[in-house]
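Listed here are the chains, written in short residue letters.
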Amino acid sequence: MKKLFLTIILAIASIGMANAFDKYTINRSELPQKAQEFLTEYFPKAKIGMIKVDKHLLKKTDYDVRLVNGTTIEFNNSGKWTSVDCKKREVPQGIIMKPIRNYISKNFQNVKIVKIEKKSSGYEVELSDGIELKFNLLGQYKSVKIED
């Protein structure tokens, strides 16, 4: 019985400890300077709905920003963006590498880029028509995934 009780207490403490590392705010000053500059440059009129400061045990801090218009932006510890999801709106052109913009404008007319993710292997781009494209770090096309 003692083992069961101890296991339950440890499980509850673990869950509580995991949640203790998340902090929610709407204050831009909680973000790294680069993230603040990014928001000012690419989303100057947008209002912040929520900022989640996500502190990991072994990793550095991540920042998830949700704007009032539904756009979500993720930043790493140094304030560099890792994901921009504008839902149905177009991602600001200045965020997207020129080779990626050129490839999409040439091969996919009348669509918008609504989401972009920066990963260690390259970029993943989602278009307004549901098509997902992958590019390497230089912006060269790698593959496509078409949603049904």
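Got a sec to walk through the environment of Phe75? Specific residues and values, please.
Mapped onto the elements of the fold, Phe75 is located in strand β4 (residues 72–75). When the C-alpha atoms of Phe75 and Phe38 are compared, they prove to be 9.9 Å apart, with 37 residues separating the residues in sequence.

Please set out the sheet that holds strand β3 (residues 62–67) residue by residue, giving values where relevant.
Ordered by their spatial adjacency, nine strands build an open sheet running β1-β2-β3-β4-β5-β6-β7-β8-β9, and the pairing between neighbours is antiparallel. A strand with exactly one partner marks an edge of an open sheet, and here the two such strands are β1 (22–25) and β9 (141–146). Within this sheet the neighbouring strands show an average axis-to-axis angle of 15 degrees, counted without direction. The pairing of strand β2 (residues 48–54) with β3 spans six bridges and is antiparallel. Considered in β3, the bridge of Ile51 is made with Val65. Lying over the sheet, helix α2 (residues 33–42) contacts β2, β3, β4 and β5 (81–85), oriented at roughly 150 degrees with respect to β4.

Give me unusual backbone geometry: which residues, what numbers.
At Lys87, a position not held by glycine, the phi torsion is positive, near 60 degrees. The residue Lys87 is located in the loop between β5 and α3 (98–107) in this model. The phi torsion at Asn110 lies on the positive side, around 60 degrees, for a residue other than glycine. Among the secondary structure elements, Asn110 is positioned in the loop between α3 and β6 (113–119).

Describe the environment of Asp62, and please don't skip the residues or the numbers.
Here Asp62 shows up in strand β3. When its relative accessible area of 22% is taken as the criterion, Asp62 is described as partly exposed. The sequence separation of Asp62 and Phe75 amounts to 13 residues, and the corresponding C-alpha distance is 5.9 Å. With near-sequence residues (within four places) excluded, Asp62 lies in contact with Lys52, Val53, Asp54, His56, Phe75 and Asn76.

So, how was this worked out
Residues numbered from 1 in each chain as written. Predicted model: local features only at pLDDT ≥ 70, side-chain atom pairs only at ≥ 80, totals over all residues. Heavy atoms only, no water. Helix = DSSP H or I, 4+ residues; strand = E, 2+ residues; numbered from the N terminus. Pairing = 2+ DSSP bridges. Axes fitted to C-alpha atoms, helices over the stretch in contact; angles between N-to-C directions. Contact = heavy atoms within 4.5 Å. Buried < 20%, exposed > 50% of the residue type's maximum accessible area, 1.4 Å probe, protein only.

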